[in-house]
Amino acid sequence: MIVLAVELRQFASEVHSHLPHHLLAVRQDRAGERATPIFRDEHQMCVTVPHCVSATSDKPNLIHDTKSYRRGVLKRYRCRAYPTGEQHRALSRLFGCCRVVFNDALAARESARRAGRPIPSKGELSAALTAAKATPERAWLAEVSSVPLQQSLADLHRAYANFFDSHTGKRKGRKVGAPRFKRRTHRQSARFTRNAGFGVLEPGAGAGFVRLPKIGRVRYESSRPLPADPSSVTVIREADGRHYVSFVVDEPAPAVVPASPARAAGVDVGLTDLATIVYDDGTREKIDNPRWLRSKERGLARAQRAYSRTMKGSKNRDKARRKVAAAHRKVRETRLDHHHKLALRLVRENQAVALEGLSVAGLARTRLAKSVHDAGWSTLRRLIEEKAARYGAVVHTISQWEPTSQVCAGCGVRDGKKPLDVRVWVCSSCGLVLDRDYNAAVNVMLAAGLVERVNACGGSVRRVLACADPVKQEPAEQILPDGEAA
Ligand SMILES: [Zn+2]
């Protein structure tokens with residue numbers, strides 16, 4: 001089971017994000033945005049609880065607002081579901097109906113706009129839906145629960161609202177496009193709110209059941225019980241054919257975990273090494289970049305080729321499509337797991353974490369785009385920020401314009417730009433041999449205002465942390481005895 005915070009409004013753009021699968025896996029959100037690729041839950045925009053701060057909020061300033069913090073936290077619990085054959089068919093029917101309602105409403109709006117007629121309102125579309133159920137062409141809409149259909153309409157309205165808000169500048173972040181038609185081959189979802197009358201039963205031992213109107217009792221995997229009654233449940237069928245149920249739970253704010261040990265970390269992210277970290281106690285480390293996508297690229301290409309060779313509309317095409325989606329899911333999940341672990345370790349072991357503000361969107365327009373997306377810096381940052389709020393650590397983000405890779409951390413002299421392939425350089429002023437990444441990480445820490453903490457550990461600690469060749473403490477060469485066997 002995956003627990004994630006619901007950041008209302010931030011997710012709202014996702015309603016029309018029907019990116020092709022090959023883009024989904026590497027989709028990286030730009031700076032200042034918080035939507036993650038796998039958790040694109042379009043249903044979230046309908047939960048409108050003002051001033052609700054997620055447990056893992058990425059807005060630390062809100063955390064200090066005790067008034068809103070005490071109000072409780074909306075959290076999303078997502079679990080893998082295992083519908084039976086009959087339920088599978090019933091869900092297909094439901095997903096189909098939701099999709100048709102969404103597409104019909106979108107078409108109605110668009111044709112009205114093109115013809116210069118007034119745009120149909122929410123109430124008019126809802127009335128049209130009721131009327132459609134009485135017509136022979138859409139009579140099957142009456143066979144499924146009506147709540148998910150109404151939620152589909154609500155999603156469309158939210159999508160339009162986001163589009164207009166983004167257009168007028170009311171909505172921050174990446175520009176949101178106009179809603180697009182939903183497709184059968186993409187991810188499907190249907191949301192049940194409380195008035196649909198769904199029920200949750202968790203007998204324990206990892207099993208959970210959710211009773212859905214006109215679907216039945218669907219089993220899901222529950223690794224921990226829901227902390228409270230969910231306000232909504234969304235059934236999702238991913239492009240790879242897997243089912244999930246996603247609950248929105250309003251739970252009390254978590255108790256703040258005791259502060260981490262008094263250590264500070266400066267983090268520099270990169271492509272050669274995913275993260276280069278220096279600590280104010282004089283230690284440092286480099287976290288390898290596993291290049292998840294790169295390592296699986298051949299397999300992905302093979303799956304994609306097989307898909308493109310299948311006949312349109314065939315069963316084999318469906319199978320091949322699911323294989324492509326599954327391959328992407330694996331890449332995505334491995335990457336996310338790695339990020340979660342690294343972020344958790346950072347905030348648990350440090351009281352303060354200094355990060356560099358990066359323009360991922362800018363870098364993603366360069367030749368390094370694929371690698372930049374694959375590294376997933378924005379997700380890593382978001383996870384660090386979310387977890388820091390929960391573990392009582394402070395995250396300092398420094399400006400992206402800070403010349404961290406140009407300044408010598410030892411003497412502070414700015415040495416000018418360095419091409420990316422320069423991993424080690426010599427300071428022209430003090431002669432210190434600097435490691436590009438370690439030096440940058442020290443500069444990140446200094447720029448974050450953690451200077452005293454670094455200096456408190458002794459004047460030379462900066463030089464030791466930043467230099468390419470730290471005081472060598474390698475064990476003396478072991479001379480093996482002559483007749484050593486095996
Ligand atoms: Zn220097």
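Coordinates for the structure precede this section.
Since the structure is predicted, the reported quantities are computational estimates derived from the model, not experimental observations. The written sequence of each chain sets the order in which its residues are numbered from 1. At least 70 in pLDDT is required for a residue's local features to be given in this predicted model, at least 80 for side-chain atom pairs to be given and counted, and no such filter applies to totals for whole chains, interfaces and linings, which use all residues.

## So, the sheet that holds strand β11 (residues 284–288)
At least two bridges found by DSSP between two strands is the condition for calling them paired. What counts as a helix is a DSSP run of H or I of at least four residues, what counts as a strand is a run of E of at least two, and both are numbered from the N terminus. Strand order in the open sheet made by the 5 strands is β11-β10-β9-β12-β13, with mixed pairing throughout. Looking along the sheet, the strands with just one partner apiece sit at the ends: β11 and β13 (394–398). When strand polarity is set aside, the average angle formed by the axes of neighbouring strands in this sheet is 20°. Sheet topology note: the strand β9 (residues 264–269)/strand β12 (residues 352–356) ladder contains 3 bridges and is parallel. Considered in β12, the bridge of Ala-264 is made with Ala-352. Lines fitted to the C-alpha atoms define the axes, with helices restricted to the stretch that makes contact. Angles between their N-to-C directions range from 0 to 180 degrees.

## Comments concerning the packing of helix α7 (residues 292–309) against helix α8 (residues 315–349)
Running from amino to carboxyl end, α7 crosses α8 at an angle of 175°, the nearest separation of the two axes being 9 Å. Here α7 lies roughly antiparallel to α8, going by the angle between them. Here Trp-292, Leu-293, Lys-296, Gly-299, Leu-300, Ala-303, Gln-304, Ala-306 and Tyr-307 of α7 come into contact with α8, specifically with Arg-317, Ala-320, Arg-321, Lys-323, Val-324, Ala-327, Lys-330, Val-331, Thr-334 and Arg-335. Put simply, Ala, Val, Leu, Ile, Met, Phe, Trp, Tyr, Cys and Pro go in the nonpolar bin, Asp, Glu, Lys and Arg in the charged bin, and everything else, Gly too, in the polar bin. Grouping the amino acids of the contact of α7 with α8 by side-chain chemistry returns 10 nonpolar, 3 polar and 6 charged. Between 65 and 115 degrees an angle is taken as roughly perpendicular, under 35 as roughly parallel, over 145 as roughly antiparallel, and anywhere else as oblique. Each residue is represented by a C-beta atom placed from its backbone, and any two residues with such atoms within 7 Å are regarded as in contact.

## Observations regarding the nonpolar core
The term nonpolar core refers to a set of buried Ala, Val, Leu, Ile, Met, Phe, Trp, Tyr and Cys residues connected through C-beta atoms within 7 Å. Think of it as a crowd count around each C-beta: if 20 or more other C-beta atoms lie within 10 Å the residue is buried, if 12 or fewer it is exposed, and in between it is partly exposed, with C-beta placed from the backbone throughout. One finds Val-267, Val-353, Ala-354, Ile-384 and Met-445 to be the most contacted residues of the largest nonpolar core, which totals 46 residues. Mapped onto this core, the elements with two or more residues apiece are β9, β10 (273–279), α8, β12, α10 (369–375), α11 (377–391), α12 (436–447) and α14 (461–466). Looking at this core, the element that brings in the most residues is α12, giving 8 residues. Leu-74, Phe-95, Leu-149 and Val-176 belong to the second largest nonpolar core, which has 38 residues in total.

## Here's the deal with α7
Between the first and last C-alpha of α7 there are 26 Å, a value that for 18 residues agrees with the 26 Å anticipated at 1.5 Å per step. Fitting axes to the seven residues that end at a residue and to the seven that start at it, the angle between those axes gives the bend at that residue. Residue Arg-298 marks the point of greatest curvature in α7, where the axis turns by about 50°. Within the span of α7, buried status applies to Trp-292, Leu-293, Ala-303 and Tyr-307. Elements that come into contact with the buried residues of α7 comprise α8 and α10. Here a helix's expected span is defined as the number of its residues, less one, multiplied by 1.5 Å.

## Quick notes on the pairing of β12
In terms of residue burial, β12 counts as a mostly covered element, since 5 of its 5 residues are buried. For β12 and β13, the ladder comprises 5 bridges, and the chain directions are parallel. Opposite Val-353, over in β13, you have Val-395 as the bridge partner.

## Examining the pairing of β10
Counting buried residues in β10 gives 6 out of 7 residues, a clear majority hidden from the surface. Where β9 lies against β10, 5 bridges are found, and the strand directions are antiparallel. Residue pairing for β10: Val-269 is matched across the bridge by Ala-275. Between β9 and the antiparallel strand that follows it, β10, lie 3 residues. Relative to β11, β10 runs antiparallel, the two sharing 5 bridges. Note on β11: the bridge partner recorded for Asp-273 is Asp-288. Hairpin connection, β10 to β11: the antiparallel pair is bridged by 4 residues, and Gly-282 has positive phi, about 95°.

Distances and angles like these do not, on their own, reveal function.
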